[in-house]
Structure formats: structure tokens, C-alpha cells
Amino acid sequence: GAGVSQTPSNKVTEKGKYVELRCDPISGHTALYWYRQSLGQGPEFLIYFQGTGAADDSGLPNDRFFAVRPEGSVSTLKIQRTERGDSAVYLCASSSYRGGEQFFGPGTRLTVL
Amino acid sequence: GENVEQHPSTLSVQEGDSAVIKCTYSDSASNYFPWYKQELGKRPQLIIDIRSNVGEKKDQRIAVTLNKTAKHFSLHITETQPEDSAVYFCAALNNAGNMLTFGGGTRLMVKP
């Protein structure tokens, strides 16, 4: 079956702009996670959804970052007033239940000029 | 919060040799430990995992061991092949089951 998909695969934007990154989890997976991976480092947790609700957003670095999952499937990560330090690969993962195996998408490479 | 340390950061082995990567974690409540393989520009792929109720798990050439008392776990790859070359990440799942904390990664190079 289809795995986790993310769009766009690459996004180049200018400092101060707004961006949206989309994640399509594996069908039927209720748990969805966003991570951020900087060059040469492991992924870092941003936010976790169980169904439609953000159950844990403790990893979001500041209030410029926000994520939604209105129908309990597709999720969108939104970044306002982007900064050069936001440049990274943003990974989405899903699992069939909280605590289950997490399957990752291919990521969106965000570059802020 | 959880802290995961991974060693070595780079590992070079000859084809056919074994490779061992070690990780330590700080939160004794963590109970699930997956290992991911990430090739350049690709997504992390789960290769093996272990839960805290077992000490060892094996899948063909790959095995993982867990020592809960010492809070460390290791990945063992036997009979390495050039296609094993990649970056490997260990991770620990928090007790709430909603957050993986990753190690810094190990770049494995298998020389033919």
C-alpha cells in the first residue's frame, strides 16, 4: 500500500515569508508526528496528533510554528515569518496507534534565503 | 526529557565484517527502541526495533540487544555488504508513546 507522502519535496522561500508543508499519512493511521532534521543530525520531534487534536506540541520551537489536522488524516505544518534558521528537512511520520512503529515520509526540504 | 547518545559517529568496515553501533538513553521509563537506516536524501527506514520486555531480537543479518539496567542498546550487523552503507539512527520512545528521541547518527561505510 501507499506509504506516507509529503508535498512539496522542496520549498525555497525568502526570509519573512509564510510556508505550508503537507503530510498524507498511511491510510487508517490515527497517530501523526512531525519532526525536523537539520544537516548531519537526527530528527527532532515537533508535534504529535492523535486523531484531529494536537496531543503534544512541546517540540514546536516558537509560536511561528503551527500545525493542523482538521479531519484526522492530512496534516499541514505552517511556518510564519520564516527565518534562515528554519532551513531543514521537515519529516512527517504516522503509526497505526500511539506507541506503534512510526513510518516516515520522504520529507520536505525547506530552504529560507 | 530523554537524551540519546550514539557512538561511533562514523564507522568504516570491510565487506563481510561485522558492525556494531551503540546507544545510551537517560529516561528509564522509555520502553521502545527502533533503529532507522537513512540513505542520502531519502526517508528514514525502520530496520529493526525492540521493546523493553525482551533483551535481544534478530532478523537475518541484523540484531539488536537491550540492557535496561544499564540503559543501553546496540545494533549488530553481520556479514556487511556495500548496500549496508548509510546513516543509522537509534531512537527511544517516551513513556507516553508519542515522541521518539533520536541519537546523532552513525555513518557506516562498507568497503568492497
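(A) Representation of the overall build of chain A within the structure. Each helix and strand in chain A was counted, giving zero helices and eleven strands. Ordered by position from the N terminus, the helices and strands of chain A form the series β-β-β-β-β-β-β-β-β-β-β. For a compact globule of 113 residues, the expected C-alpha radius of gyration is about 13 Å, and chain A comes in at 13 Å, within 12% of that figure. Seen through its C-alpha atoms, chain A measures out along the principal axes to roughly 35 × 25 × 25 Å. By the burial criterion, 47% of the 113 residues in chain A qualify as buried. Looking at chain A alone, contacts between residues at least 24 apart form 54% of all its contacts between residues at least 6 apart. Accessible surface, chain A: about 5400 Å² in total, of which carbon and sulfur atoms supply 47%. Charged side chains of chain A number 12 positive and 11 negative; the gap between the two group centres comes to 5 Å.

(B) Geometry of the side chain of Asp-49 of chain B. All names here are of chain B. Assignment of secondary structure puts Asp-49 in strand E5 (residues 45-51). In this structure Asp-49 comes out as buried when scored by relative accessible area, which is 9%. A polar atom in the side chain of Asp-49 sits 2.7 Å from the side chain of Tyr-32. Separated by 2.8 Å, the side chains of Asp-49 and Lys-57 make a polar contact.

(C) Just the packing of aromatic side chains, in detail. All names here are of chain B. All told, the structure shown has 13 aromatic pairs over all chains when counted by the stated rule. Taking 4.7 Å as the distance between ring centres and 40° as the angle between the ring planes, the aromatic pair formed by Tyr-25 and Phe-33 counts as tilted. For Phe-33, a relative accessible area of 0% puts it in the buried group.

(D) Summary view of the sheet that holds strand E1 (residues 4-7) of chain B. Residues and elements named next belong to chain B. Here five strands make up an open sheet; going across it, the order is E1-E3-E8-E7-E6 and the pairing antiparallel. For this open sheet the edge positions go to E1 and strand E6 (56-59), each flanked by a neighbour on one side alone. Shown here is a sheet whose adjacent strand axes are inclined to one another by a mean of 15°, direction ignored. Strand direction decides the pairing type here: E6 and strand E7 (residues 62-67), joined by four bridges, are antiparallel. The residue of E7 that forms the bridge with Lys-58 is Ala-63.

Calculation notes
Residues numbered from 1 in each chain as written. Chains lettered and ligands numbered in written order. Predicted model: local features only at pLDDT ≥ 70, side-chain atom pairs only at ≥ 80, totals over all residues. Heavy atoms only, no water. Helix = DSSP H or I, 4+ residues; strand = E, 2+ residues; numbered from the N terminus. Rg over C-alpha atoms; globule rule 2.2 N^0.38 Å. Buried < 20%, exposed > 50% of the residue type's maximum accessible area, 1.4 Å probe, protein only. Contact = heavy atoms within 4.5 Å. Areas by Shrake-Rupley, 256 points an atom, 1.4 Å probe, with all protein chains shown as cover. Lys, Arg positive; Asp, Glu negative; His and termini not counted. Charge placed at Lys NZ, Arg CZ, Asp CG, Glu CD. Polar contact = N/O pair within 3.5 Å; in protein donor to acceptor, adjacent residues only side chain to side chain. Phe/Tyr/Trp six-rings, centres within 6.5 Å; stacked < 30°, edge-to-face > 60°. Pairing = 2+ DSSP bridges. Axes fitted to C-alpha atoms, helices over the stretch in contact; angles between N-to-C directions.

Just geometry here; none of it tells us what the structure is for.
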